[in-house]
Amino acid sequence: MLGQDKRSYFEQLMLPHLDAAYNLARWLTGNAQDAEDMVQEAYLRAFKSFGTFHGNGINDSRAWLLTIVRNTCYTWLHRNQPENLAASFDEELYTVADEAENSETLLSLEADLDMLRQAVGELPLELREAIILRELEGLSYKEMAQMARVPLGTIMSRLARARRRLQQSLEKRLIGE
Amino acid sequence: MTHEESRSLLDAYFDGELDLVRSLDVERHVAECSTCTAILRNRQALRNALKAESLYFAAPSGLKMRLRSSLPSGAITSTPALSPRRFPLQWSILAAALLIFVLGAALFARSQSLPSAQTQLSGDVLASHLRSLMANHLADVVSTDQHTVKPWFDGKLDFSPPVVDLASDGFPLIGGRLDYLDNRAVAALVYQRNKHVINVFVWPSQSGESGASTRLEQQGYTLLSWSEAGMNFWAVSDVSSADLSQFVQLLQAAIPSLTATPEPTR
């Protein structure tokens, strides 16, 4: 592919996902400046490996781009916030059934934006990622599993843990008010 | 469906990731289980709360322009001037070295804290089998023809899994898919026995030796693992233990004839 063609095809396919890319980077890095750097770095990496886009098992361009954004952020996190990643590894040792679930029914969670942002922001990295990709981006378990290179079952148990934790932390905040 | 089974599939049910049969099974259980009903209501309350407020961070307005100007413009590209403040080359090298170190340390720490790699692996194999039964996740390539299934893996894996059809023995091949086990991409071959599904996971073994098979029973499922022809095999199913043994014997008998002329690893 000639340079200009490749570039315009790339922009046509990948620029519509800019908000999704930024949103993921913003939630993984936790701040605006780093998120912006991650997005720039990820787009550049995506452009360089654009030739591998077809036929690598992830057909959807958004999932493909978000995988690169995610990997870029993880590389950055390893360097800048290794404690963030260490906490996540321990999470893997628990399974869904190990934890008790609050079985009282809430009809609604009257949480405001700040409260929600804090609660999601305090989730361990991989649980936060699962919530963002599923609830905000609507990715399938399969796309998420390919992205993180983990079994589908891991995605399901991460979502279960993330939701349970979010619910508990929101309840605490609402009662504490 | 027991409460534990339903409980472990509840989030997949909530997310619409189960096939119809399982979805109905969970639904039947939820109808008579107050705990599961409460959990589902809480999931919905949480989803509503997440939807009600916009947690989405939209990209800053100038970012698209900055991105476009930072992308290389020609076929023969020079090194782009992308945030040199943050990404000089030596930092990238240092980051890569650090990443390898941290990953290595984390993996080491992890391997020390787990009961055994084998236990972890058998749990992962079973989880992959269960999850493969979810909607649309059983097979990425649906075919009873081994000559369709085997080439499908080309370019998706760094090895070529042996694929045989055992339809004449009552174990028809129904397809294949990619899966992740033991920290790598593996081939999953899907066979059927009456109405039951058998998953066979295949990936290259590190030692390259052939090993004796091991048998595990977990949650009503049988798992058989062995190494042969330079590959690790795990077969898992809820068919009777005798049926699975027969299946594995047939598979083992068929494989040496396939690997008589080993394919070059790519």
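Each remark here, short or long, concerns the structure printed above.
A.B. asks: Is there a simple way to think about the pairing of strand S7 (residues 231-237) of chain B in this case?
C.D. replies: The side chains of a regular strand alternate, residue by residue, between the two faces of the sheet. Residue and element names in this part refer to chain B. Counting buried residues in S7 gives 7 out of 7 residues, a clear majority hidden from the surface. The side-chain alternation of S7 yields two buried faces, one formed by Met231, Phe233, Ala235 and Ser237 and the other by Asn232, Trp234 and Val236. The sheet contact formed by strand S4 (residues 196-204) and S7 spans 7 bridges and is antiparallel. Pairing of Pro204 across the sheet is with Met231, part of S7.

A.B. asks: Sorry, what's going on with the nonpolar core here?
C.D. replies: Ranked by size, the top nonpolar core spans 106 residues in total, and within it Ala21(A), Ala25(A), Val69(A) and Ala235(B) carry the most contacts. Discounting residues that sit within four places of it in the chain, Ala25(A) has contacts with Ala35(A), Met38(A), Val39(A), Val69(A) and Cys73(A).

A.B. asks: Just to check I follow, could you spell out the environment of Thr67(A) for this structure?
C.D. replies: Structurally, the position occupied by Thr67(A) is in helix H4 (residues 61-80). Separated by 25 residues in the primary sequence, Thr67(A) and Ala42(A) place their C-alpha atoms 9.3 Å from one another.

A.B. asks: Before we go on, may I ask you to explain unusual backbone geometry in this structure?
C.D. replies: Residues other than glycine predominantly adopt negative phi, and peptide bonds predominantly adopt the trans conformation. Of note, the phi angle at Arg149(A) is positive, near 50°, even though the residue is not glycine. Inspection of the secondary structure puts Arg149(A) in the loop between helix H8 (141-148) and helix H9 (152-176).

A.B. asks: Would you mind going over the pairing of strand S6 (residues 221-228) of chain B with me for this structure?
C.D. replies: All names here are of chain B. Here S6 runs beside S7; their pairing, made up of 7 bridges, is antiparallel. Bridge pairing in S7 links Ser225 to Trp234. Hairpin geometry of S6 and S7 is characterised by an intervening segment of 2 residues between the two adjacent antiparallel strands and by a positive phi of about 50° at Ala229.

About the criteria used
Residues numbered from 1 in each chain as written. Chains lettered and ligands numbered in written order. Predicted model: local features only at pLDDT ≥ 70, side-chain atom pairs only at ≥ 80, totals over all residues. Buried ≥ 20, exposed ≤ 12 C-beta atoms within 10 Å, placed from the backbone. Helix = DSSP H or I, 4+ residues; strand = E, 2+ residues; numbered from the N terminus. Pairing = 2+ DSSP bridges. Core = buried A, V, L, I, M, F, W, Y, C linked by C-beta atoms within 7 Å. Contact = placed C-beta atoms within 7 Å.

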